[in-house]
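Structural description and commentary
Residue-level listing of the chains:
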Amino acid sequence: QVQLTESGGGLVQAGGSLRVSCAASGGTFGTFRNYAMGWFRQAPGKEREFVAAITWSGGIYYADSVKGRFTISRDNAKNTVYLQMNSLKPEDTAVYYCAAGLRRVGYDYTMISAYDYWGQGTQVTVSS
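Per chain, residues are indexed from 1 in the order of the written sequence. Only residues with pLDDT of 70 or above have their local features reported here, since the model is predicted, and side-chain atom pairs are shown and tallied only from 80 upward, although totals for entire chains, interfaces and linings are computed over all residues. The basis for every side-chain value is the complete set of heavy atoms in the structure, and neither hydrogens nor water enter the calculation.

Section: the sheet that holds strand E8 (residues 80-85)
When DSSP locates at least two bridges between a pair of strands, those strands are taken to pair. A run of DSSP states H or I qualifies as a helix once it reaches four residues; a run of E qualifies as a strand once it reaches two. Both are numbered from the N-terminal end. Overall, antiparallel pairing links the four strands, which are arranged E1-E3-E8-E7 in an open sheet. Of all the strands in the sheet, just strand E1 (3-7) and strand E7 (70-75) have a single pairing partner and so form its edges. Across the sheet, the mean angle from the axis of one strand to that of its neighbour is 15°, orientation sign disregarded. Angles run from 0 to 180 degrees between N-to-C directions of axes, and those axes are lines fitted to C-alpha atoms, restricted for helices to the stretch in contact.

Below, the structure written as structure tokens:
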């Protein structure tokens with residue numbers, strides 16, 4: 001069974017920083033480096049939205065709302081993807097979800113539909 005396990009969420013003041021992590025495991029997951037990894041978030045009453053993605057070849061994409069403040073990275077040896085969040089704002093408050101998408105040519109990894117596996121989410125709360 002494939003598992004994506006997020007950690008590192010919490011409460012932080014506006015302007016502060018947090019790093020969330022996502023570790024992948026499971027016998028059917030295969031080779032971590034064959035996956036694009038993404039972060040999405042969902043605030044109360046809103047739809048889940050794209051935050052950042054990193055492909056198997058190191059291509060990186062960010063939502064405009066986080067560009068310049070958030071950094072996505074991956075450690076293939078640890079089957080882990082990270083999201084470093086700096087200069088946090090109250091509007092960044094959401095449940096953050098990690099996702100894994102198999103390597104497929106032509107897929108848009110900013111889209112929810114491109115991903116095969118999802119974590120359970122971790123809460124990030126930014127106080128003003």
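Some remarks on the nonpolar core
Residue types Ala, Val, Leu, Ile, Met, Phe, Trp, Tyr and Cys, when buried and joined through side-chain atoms within 4.5 Å, form a set referred to as a nonpolar core. Note on exposure labels: buried denotes an accessible area under 20% of the residue type's maximum, exposed denotes more than 50%, and partly exposed covers the range between, all computed with a 1.4 Å probe on protein chains only. With 35 residues, the main nonpolar core has Met37, Trp39, Leu83, Met85 and Tyr96 as its most contacted residues. Contributing elements (two or more residues each) for this core: strand E3 (18-25), strand E4 (35-42), strand E5 (49-54), E7, E8, strand E9 (94-102) and strand E11 (122-127).

Remarks on the environment of Asp64
Positionally, Asp64 belongs in the loop between strand E6 (60-62) and E7. For Asp64, a relative accessible area of 66% puts it in the exposed group. The spatial distance from the C-alpha of Asp64 to the C-alpha of Phe50 is 9.8 Å, given a sequence separation of 14 residues. Definition of a polar contact: a pair of N or O atoms within 3.5 Å, with one able to donate and the other able to accept a hydrogen when the atoms are protein atoms, and with sequence-neighbouring residues admitted only if both atoms are side-chain atoms. Polar side-chain contacts of Asp64 include one of 3.1 Å to the side chain of Lys67.

Let's talk about the side chain of Arg74
Counting through the fold element by element, Arg74 comes out in strand E7. Despite being buried, Arg74 has no salt bridge partner; Asp75 is the closest side chain of opposite charge, sitting 8.4 Å away. From its side chain, Arg74 meets the backbone oxygen of Ile54 in a polar contact 3.4 Å long. Within the structure, the side chain of Arg74 is placed 3.1 Å from the backbone oxygen of Thr55, a separation counted as a polar contact. Excluding residues within four positions of it along the chain, Arg74 makes contact with Phe32, Arg33, Tyr35, Ala36, Met37, Ile54, Thr55, Trp56, Thr80 and Val81. Only four residue types enter the charge count: Lys and Arg as positive, Asp and Glu as negative, with His and the chain ends excluded. We define a salt bridge as a contact between a side-chain nitrogen of Lys or Arg and a carboxyl oxygen of Asp or Glu at a distance within 4 Å. What makes two residues a contact is simply this: any of their non-hydrogen atoms within 4.5 Å.

A look at the state of the cysteines
We call a pair of cysteine sulfur atoms a disulfide whenever their separation is within 2.5 Å. This structure, assessed with the given rule, holds one disulfide. Note on cysteine connectivity: Cys22 is disulfide-linked to Cys98, with sulfurs 2.0 Å apart. Between Cys22 and Cys98 the sulfur-sulfur dihedral comes to about -70°; the bridge is accordingly left-handed. Residue Cys22 is found in strand E3, and its partner Cys98 is found in strand E9; the two are separated by 76 residues along the sequence. The same class applies to Cys22 and to Cys98, which are both buried.

Details of the pattern of salt bridges
Counting across every chain of the model gives five salt bridges. Close ionic contact of Arg41 with Glu49 constitutes a salt bridge, the shortest N to O distance being 2.6 Å. Across the pair Asp92 and Arg69 runs a salt bridge whose closest N-O atoms are separated by 2.8 Å. Here the residue Asp92 occupies a position in the loop between E8 and E9, and Arg69 occupies one in the loop between E6 and E7, the gap between them amounting to 23 residues. We note that Asp92, like Arg69, is buried. Overlapping salt bridges bring together Arg41, Glu49, Arg69 and Asp92 as one network.

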